[in-house]
Amino acid sequence: MVKKRGNNEEVKNQVLGLDIGGSGCKAAIVDITTGAFLTERFRLETPQPSTPKAVAQTVKKIINHFDWKGRVGVGFPAIIKKGVAHSAANIHKDWYLTNVEKVLSKAIDLPVKVTNDADAAGIAALRFGAGKGKKGVVLFLTIGTGIGSALFLDGQLLPNSEFGHVFFKKDIAEKYAANSIRKRDELSYKQWGKRWNEYLKHLERIANPDLVILGGGGGKKFNQFSEFIKVDTKVIPATLQNNAGIIGAAMYAHENIKAVGV
Ligand code: BGC
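Residues numbered from 1 in each chain as written. Predicted model: local features only at pLDDT ≥ 70, side-chain atom pairs only at ≥ 80, totals over all residues. Heavy atoms only, no water.

S.K.: Looking at this structure, I do not really get the sheet that holds strand β9 (residues 137–143). What am I missing?
M.R.: The pairing of strands in a sheet happens through backbone hydrogen bonds and is either parallel or antiparallel. Here five strands make up an open sheet; going across it, the order is β11-β10-β9-β14-β15 and the pairing mixed. The open sheet is flanked by β11 (156–158) and β15 (234–237), the only strands paired with a single partner. Sheet twist, expressed as the mean angle between neighbouring strand axes with direction ignored, is 25°. The pairing of strand β14 (residues 211–215) with β15 spans four bridges and is parallel. Looking at the pairing, Ile213 lines up with Ile236 of β15. Its contacts with the sheet put helix α4 (residues 117–128) on β9, β10 (147–153), β11 and β14, and the angle it makes with β10 is roughly 50°. In the packing of helix α7 (residues 189–207) onto the sheet, the strands contacted are β9, β10, β14 and β15, and the crossing angle to β9 comes to about 145°. (Pairing = 2+ DSSP bridges. Helix = DSSP H or I, 4+ residues; strand = E, 2+ residues; numbered from the N terminus. Axes fitted to C-alpha atoms, helices over the stretch in contact; angles between N-to-C directions. Contact = heavy atoms within 4.5 Å.)

Structure (structure tokens):
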């Protein structure tokens, strides 16, 4: 579909962004200078079980859909250090200590850079979204199957902050406040909003942010529970919604892989 896009100068600024989540794998080709999508967003279900082999095959299908031959940026739901997964909470356990970058680049034979999915979404939010130009300590949270976090100081990311996994209410926080828990336990927005208020108070004590941005599927519901949030820190919803993870993954790859011809 997208074999050759524009002249070389334009191609240098194009990266396929891919957001691998617990339930879906979403992708688009991104213009990294503007954060805009150059194609429609394409989504496939995350295979279950989400083993490295099965996910690699899904990624291959996505690359084939776009007929993409350039750089690929991936947001992955795990702690990522130098391309290797150091956790596997909402993805198959076989990913633990697997080099995600190597597995995926081998499967698709293209240069791949992988970063934590929430870090990717946060990067996009601070460049192009609700956090654009915000200084100080900004905490971006993505509320979905789990809770992901991205912590910034003056726009600079501190990777793998994992505030969804802080111990809270006898377990990790995402087991108390994720969007999947709201759905599973059929919590009202009042009940869920109160949980978020407690959790945000806890995060205030840990990180003392100047601003909190709520993204992911749960962030989209912000106006339904914002009245229950009574913390000192300013809390705002994300604006790029489902696209942030894709855009940020592409940005990250752009900054970490040299341009290759398409
Ligand atoms: C994972 C994080 C991820 C978040 C959102 C959590 O369970 O530990 O790495 O960012 O889910 O997908």
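S.K.: Explanation requested: the pairing of strand β2 (residues 24–31) in the structure shown.
M.R.: In regular strands, side chains alternate between the two faces of the sheet. Of all eight residues in β2, eight are buried; the element is thus mostly enclosed. Judged by which residues are buried, β2 turns out to be covered on both faces: Gly24, Lys26, Ala28 and Val30 on one side and Cys25, Ala27, Ile29 and Asp31 on the other are all buried. Of the strand pairs in this sheet, strand β1 (residues 14–20) and β2 are connected by seven bridges, and their pairing is antiparallel. Across the sheet, residue Ile20 finds its bridge partner in β2, namely Cys25. Counting the residues in the hairpin turn of β1 and β2 gives three residues. (Buried < 20%, exposed > 50% of the residue type's maximum accessible area, 1.4 Å probe, protein only.)

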